[in-house]
Amino acid sequence: MHTFQPYPIELLEMNPFTKIGKEWALVTAGSKTKCNTMTVSWGGVGVIWNKNVVYIFVRDSRYTKEFMDQGDFFSLSFFDEKYRPALSYCGAHSGRDEDKFEKAGLTPAFRHSIPYPDEANLVLLCRKMAAVPMGEEVLLDKSIMSNFYKDNDMHTMYVGEIIETMAR
Ligand SMILES: Cc1cc2nc3c(=O)[nH]c(=O)nc-3n(C[C@H](O)[C@H](O)[C@H](O)COP(=O)(O)O)c2cc1C
């Protein structure tokens, strides 16, 4: 079990383009009884409704979406480069079929009952504020539909208030 320190969000220096887009992250949701994690490389951090937030995009087909929809909280976690194989694994296998934590060599841990992988080096604990299904009607650039949604596996955007940041 690693020891995480609460980390003031004002001190957070992160470039979302590299941190999320290139280094990737794990979104983890669920409860102590059952939780799941999956890799994301689309999303961001920002401010809305006077809150510091993250926003992530989860396709309908993801098992993780069931946990995102059932619960009120989720985490977004970042890792050292040595965990890239684990993130690749969690982005290519579904928790529907197996215990992905175990298979990827990750350990579920909990803070305020919110699940996160213990191997992370930075964890953003989030309270779900909005779930926005992104149907074809919101896509103004019509090429997006044919480029990304030929199979109709649409994204829902989840906006989560960052309630605590933990680093080690
Ligand atoms: C680098 C990378 C980035 C990904 N980013 C996303 C994403 O932002 N949103 C999404 O819905 N799926 C994304 N995926 C795909 C899911 O992680 C993948 O389908 C995963 O197996 C879903 O697992 P689950 O069914 O256990 O939820 C990504 C996969 C990889 C490898």
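Above: the structure in question.
Below you will find a few notes about this structure. (Residues numbered from 1 in each chain as written. Predicted model: local features only at pLDDT ≥ 70, side-chain atom pairs only at ≥ 80, totals over all residues.)

Right, let's talk about the nonpolar core for a bit. Counting 34 residues, the largest nonpolar core has Val27, Ile56, Leu76 and Cys126 as its most contacted members. When near neighbours in sequence (up to four residues on either side) are disregarded, Val27 contacts Thr37, Met38, Val40, Ile56, Thr64, Phe74 and Leu76. (Core = buried A, V, L, I, M, F, W, Y, C linked by C-beta atoms within 7 Å. Buried ≥ 20, exposed ≤ 12 C-beta atoms within 10 Å, placed from the backbone. Contact = placed C-beta atoms within 7 Å.)

Once that is clear, we can look at the pairing of strand S7 (residues 108–111). Two strands pair when backbone bridges link them, and S7 and strand S8 (residues 114–117) are joined in this way by four bridges, in the antiparallel orientation. Counterpart to Arg111 in the pairing with S8 is Ile114. As consecutive antiparallel partners, S7 and S8 are separated by two residues, and within that stretch His112 has a phi angle of approximately 50°, a positive value. (Pairing = 2+ DSSP bridges. Helix = DSSP H or I, 4+ residues; strand = E, 2+ residues; numbered from the N terminus.)

Moving on: the site of the ligand. Every one of the 21 residues lining the ligand counts as a neighbour, but Tyr63, Thr64, Gly91, Ser94 and Gly95 are closest to it. Elements that contribute at least two residues to the shell around the ligand include exactly strand S3 (35–40), strand S5 (51–59) and helix H2 (63–70). The dominant element in the shell around the ligand, judged by the number of residues it contributes, is S3, at four residues. Here the shell around the ligand is built from residues that sort into eight nonpolar, nine polar and four charged. (Near = placed C-beta within 6 Å. Nonpolar A, V, L, I, M, F, W, Y, C, P; charged D, E, K, R; others polar.)

Here the focus is unusual backbone geometry. Phi angles above zero are rare outside glycine, and Trp24 is one such case at about 70°. The backbone phi angle of Trp49 is positive, close to 50°, even though this residue is not glycine. Relative to the helices and strands, Trp49 resides in the loop between strand S4 (43–48) and S5. What makes Trp49 exposed here is the crowd of 9 C-beta atoms within 10 Å.

Our next topic: the environment of Phe79. You can see Phe79 is positioned in the loop between strand S6 (73–78) and helix H3 (84–90). What makes Phe79 partly exposed here is the crowd of 19 C-beta atoms within 10 Å. Not counting residues within four places of it along the chain, the set of residues in contact with Phe79 comprises Leu87, Glu119, Ala120 and Asn121.

Below, the discussion takes up the environment of Thr33. With respect to the secondary-structure elements, Thr33 resides in the loop between strand S2 (25–30) and S3. With 5 C-beta atoms packed within 10 Å, Thr33 lands in the exposed category. Note: C-alpha distance between Thr33 and Ile114 (81 residues apart in sequence) is 11 Å.

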